[in-house]
Amino acid sequence: MTSIAAPLLAATLETLVMVVVSVSLCAIFGLTLGAWLAISSPQGIAPSRSVHQLLAAFANISRSIPFLVLIVVLLPFTRFLVGTSIGTAAAIVPLVVGGTPYAGRLVEAALLDVDPGLIQAVVTLGASPAQAVWKVYFPEAIPGLIRAFTVLAITMINFSAMAGAVGGGGLGDLAIRYGYQRFRPDVLVLCCVILIVLVQTIQYGGHALARRLDHR
């Protein structure tokens, strides 16, 4: 057990790095994509069928590609961007590319859940779509956005484990190399337990924070 302690700690830190960085970037890109999807939708403040269909098609097509396939497809781009196709840094690229459309849809759902009356009120007062997004949509949707990013973080943990299957590092990589290929069921169990703890911690923390900030 002692011999695996150091690799287990290193793999956990790699997974945390992948999740934190990818969720942060997906949140930035997803907020932008989700805001455009929300305001251009038929029930949005600036409905545009062509824009909404284009963005929706991008989000849907991107989410339709299995993550393992996406990793392989992005190998040349990943190698160009970070100089390698294996390791933690390389795994972050497909995580962000695959997670952004998913984040955008989650953000869209959270924004469309905002009371339409509030939106119409600020639009009536002369607010532009950008002002409505920053001053009403985002502030009012904070609990929903927290729940959305909680789901996103859990999904990124799942994706990061799959990235380990192709040398992406982290707990998935450790479980395959040490647990499966070296016939170490104890390593497999430990990796699964740590992943479960991470997911439960994120789920509980995100739910508690969203509930505290939800004043409805």
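Up top is the structure these notes are about.
Please read all numbers here as calculations on a predicted model, not as lab measurements.

## Here we look at the overall build of the protein chain
Scanning the protein chain from terminus to terminus reveals ten helices and zero strands. Viewed in the frame of its principal axes, the protein chain has a C-alpha envelope of about 65 × 40 × 25 Å. A total of 216 residues make up the protein chain; the buried ones form 43% of that total. Nonlocal contacts in the protein chain, meaning residues at least 24 apart in sequence, comprise 73% of its contacts between residues at least 6 apart. As presented, the protein chain carries roughly 11500 Å² of accessible surface, and 70% of it is formed by carbon and sulfur atoms. Of the charged side chains in the protein chain, 12 are positive and 8 negative, and the gap between their average positions amounts to 4 Å.

## Structural notes on the nonpolar core
One finds L111, Y137, L171 and L174 to be the most contacted residues of the largest nonpolar core, which totals 50 residues. Secondary structure elements with two or more residues in this core: α1 (2–40), α3 (67–73), α5 (88–112), α6 (116–124), α7 (129–140), α8 (142–163), α9 (170–180) and α10 (185–213). In this structure L111 touches G34, A35, A38, Y137, F138 and A141, once residues within four positions along its chain are discounted.

## Side note on the packing of α8 against α10
For the pair α8 and α10, interaxial distance at closest approach is 8 Å and the crossing angle is 170°. When the axes of α8 and α10 are compared, the pair comes out roughly antiparallel. Contact residues: α8 offers I142, P143, I146, R147, T150, A153, I154, I157 and A161, while α10 offers L195, L198, V199, I202, Q203, G206, L209, A210, R211 and L213. Looking at the contact of α8 with α10 residue by residue, the class counts come to 14 nonpolar, three polar and two charged.

## Remarks on the packing of aromatic side chains
Aromatic ring pairs are defined here through the distance separating the ring centres and the angle between the ring planes. Within this structure, the stated rule accounts for two aromatic pairs. Plain terms: the ring middles of F67 and F159 are 4.4 Å apart, the flat faces sit at 5° to each other, and that makes the pair stacked. With F67 in helix α3 and F159 in helix α8, the pair connects residues that are 92 residues apart, well separated along the chain. Exposure remark for F67: the relative accessible area of 6% places this residue in the buried category. For F159, a relative accessible area of 17% translates into the label buried. Where W134 meets F138, the ring centres are 5.3 Å apart and the plane angle is 90°; that geometry is what we call edge-to-face. One end of the pair is W134 and the other is F138, both in helix α7 and four residues apart, which spans about a single turn.

## Focus on the side chain of S40
Its location among the elements puts S40 in helix α1. Residue classification places S40 among the buried residues on the basis of a relative accessible area of 3%. If we skip the residues at most four places from it in the chain, S40 touches A46, P47, S48, V51, H52 and L55.

## Points about the environment of Y180
Counting through the fold element by element, Y180 comes out in helix α9. With a relative accessible area of 60%, Y180 lands in the exposed category. Contacts of Y180, omitting those with residues within four sequence positions, involve A175 and L188.

Parameters and conventions
Residues numbered from 1 in each chain as written. Predicted model: local features only at pLDDT ≥ 70, side-chain atom pairs only at ≥ 80, totals over all residues. Heavy atoms only, no water. Helix = DSSP H or I, 4+ residues; strand = E, 2+ residues; numbered from the N terminus. Buried < 20%, exposed > 50% of the residue type's maximum accessible area, 1.4 Å probe, protein only. Contact = heavy atoms within 4.5 Å. Areas by Shrake-Rupley, 256 points an atom, 1.4 Å probe, with all protein chains shown as cover. Lys, Arg positive; Asp, Glu negative; His and termini not counted. Charge placed at Lys NZ, Arg CZ, Asp CG, Glu CD. Core = buried A, V, L, I, M, F, W, Y, C linked by side-chain atoms within 4.5 Å. Axes fitted to C-alpha atoms, helices over the stretch in contact; angles between N-to-C directions. Parallel < 35°, antiparallel > 145°, perpendicular 65-115°, else oblique. Nonpolar A, V, L, I, M, F, W, Y, C, P; charged D, E, K, R; others polar. Phe/Tyr/Trp six-rings, centres within 6.5 Å; stacked < 30°, edge-to-face > 60°.

From the geometry alone we can't say anything about function, so treat these as descriptive.
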